[in-house]
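# Summary of structural features
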Amino acid sequence: MRNLVDGKATVVTGGAQGIGEATALRFAEEGADVVVADVDEEGGHGTVDAIEDAGGSAVFVETDVSEAAEVQTMITRCVEEFGGIDVLFNNAGIDGPLENIVEYDEDGFDRVIDVNLKGVWLGLKYGIEAMLADGGGSIISTSSIGGQVAVPEYSGYGASKAGVSLITKSAALEFATEGIRANAIAPGLVETPMVNDIMEENPEMEEQFRNMEPMGGLAQPKEIANSVLFLGSDLASRVTGHTLAVEGGYLSQ
Ligand SMILES: NC(=O)c1ccc[n+]([C@@H]2O[C@H](COP(=O)([O-])OP(=O)(O)OC[C@H]3O[C@@H](n4cnc5c(N)ncnc54)[C@H](O)[C@@H]3O)[C@@H](O)[C@H]2O)c1
């Protein structure tokens, strides 16, 4: 059987660990050529090595997604290395401060918006420009259930992730006739370094986290990667403008 994303030039931001790493590996397994982009050089090279060890093709491009020039370079490198760009996974993100609005630090608010929202906007801006020159493509951005329901002390994060879903719809509408699809995923709780760090710093939250989703426990990064794979592949050829929640039933309550 043909692989799901054979020969598709794919950029994954935040590819050094967690959901991005799992997605980069999954796309490579299904035949994609992958640009792993991240601020974490060591982790990014680790993902590239894992892909190459499994017989796949990947390069690392050090990128801060909140910097326009670096996002442009990331996209250009994909076109140069792999002859175009077919899929972009705008996934890099940070959780930012964990405080109520009164206590929330203003610089922390700016940073979470810069990385999580502006970073996605820059990816759409330069990714779509390159895809238009290359016959179209599919962009998936990482939102969160925290962008659909308010989580106390996560105002900056929640606003950034709600914004991701909205600009995904903007992009979908603006380029619907030009072969560009734009979708988002909204994970619930996924067992990644981001969530493990929160549970380590706040041990009292672990049990609450593990009981949060009706299906119980935490999602594994690969379960999110498989949903991204669907949206990035031609299986989702008529799907655009959506935020696909991958949250064990949480939003059905
Ligand atoms: N883990 C969860 O439960 C969960 C739930 C919902 C949404 N998300 C979202 O999924 C995405 C991935 O999260 P994760 O859990 O894998 O996190 P993670 O912290 O394990 O990995 C995030 C990666 O992004 C990179 N990164 C951070 N800032 C960057 C920047 N400015 N430019 C480039 N790379 C940068 C980090 O170096 C890291 O490799 C994030 O957008 C996060 O908000 C995660």
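As a starting point, this report considers the structure included with it. (Residues numbered from 1 in each chain as written. Predicted model: local features only at pLDDT ≥ 70, side-chain atom pairs only at ≥ 80, totals over all residues. Heavy atoms only, no water.)

## Overview of the overall build of the protein chain
Each helix and strand in the protein chain was counted, giving 8 helices and 7 strands. Its C-alpha atoms give the protein chain a radius of gyration of 17 Å, near enough to 18 Å, the size a compact globule of 253 residues would have. Taken along its principal axes, the extent of the C-alpha atoms in the protein chain is 50 × 35 × 35 Å. The buried share of the protein chain, taken over its 253 residues, is 51%. Carbon and sulfur atoms make up 49% of the accessible area of the protein chain, which totals about 11600 Å². (Helix = DSSP H or I, 4+ residues; strand = E, 2+ residues; numbered from the N terminus. Rg over C-alpha atoms; globule rule 2.2 N^0.38 Å. Buried < 20%, exposed > 50% of the residue type's maximum accessible area, 1.4 Å probe, protein only. Areas by Shrake-Rupley, 256 points an atom, 1.4 Å probe, with all protein chains shown as cover.)

## Observations regarding a negative patch on the surface
Judged by side-chain charge, Glu99, Glu103, Asp105, Glu106, Asp107, Asp110 and Glu153 come together as a negatively charged surface patch. On the secondary structure map, Glu99 appears in the loop between strand 4 (87–90) and helix 4 (106–132). (Patch = residues over 30% accessible without salt bridge, like charges linked within 9 Å, V, L, I, M, F, W, Y side chains within 5 Å. Salt bridge = Lys/Arg side-chain N within 4 Å of Asp/Glu carboxyl O. Lys, Arg positive; Asp, Glu negative; His and termini not counted. Charge placed at Lys NZ, Arg CZ, Asp CG, Glu CD.)

## Let's talk about the pattern of salt bridges
Within the structure shown, the criterion is met by 7 salt bridges. Close ionic contact of Arg77 with Glu81 constitutes a salt bridge, the shortest N to O distance being 3.2 Å. You can see Arg77 and its partner Glu81 sitting in helix 3 (residues 68–82), 4 residues apart, about one turn around the helix. Owing to a relative accessible area of 27%, Arg77 belongs among the partly exposed residues under this scheme. The partner of Glu191 in a salt bridge is Arg210, and the shortest N-O contact between them spans 3.8 Å. One end of the pair, Glu191, is in the loop between strand 6 (180–187) and helix 6 (193–201); the other, Arg210, is in helix 7 (residues 205–210), with 19 residues separating them in the sequence. Bridged by salt links that share partners, the residues Arg26, Glu29 and Glu30 form one connected network.

All we've got here are geometric facts, nothing functional implied.
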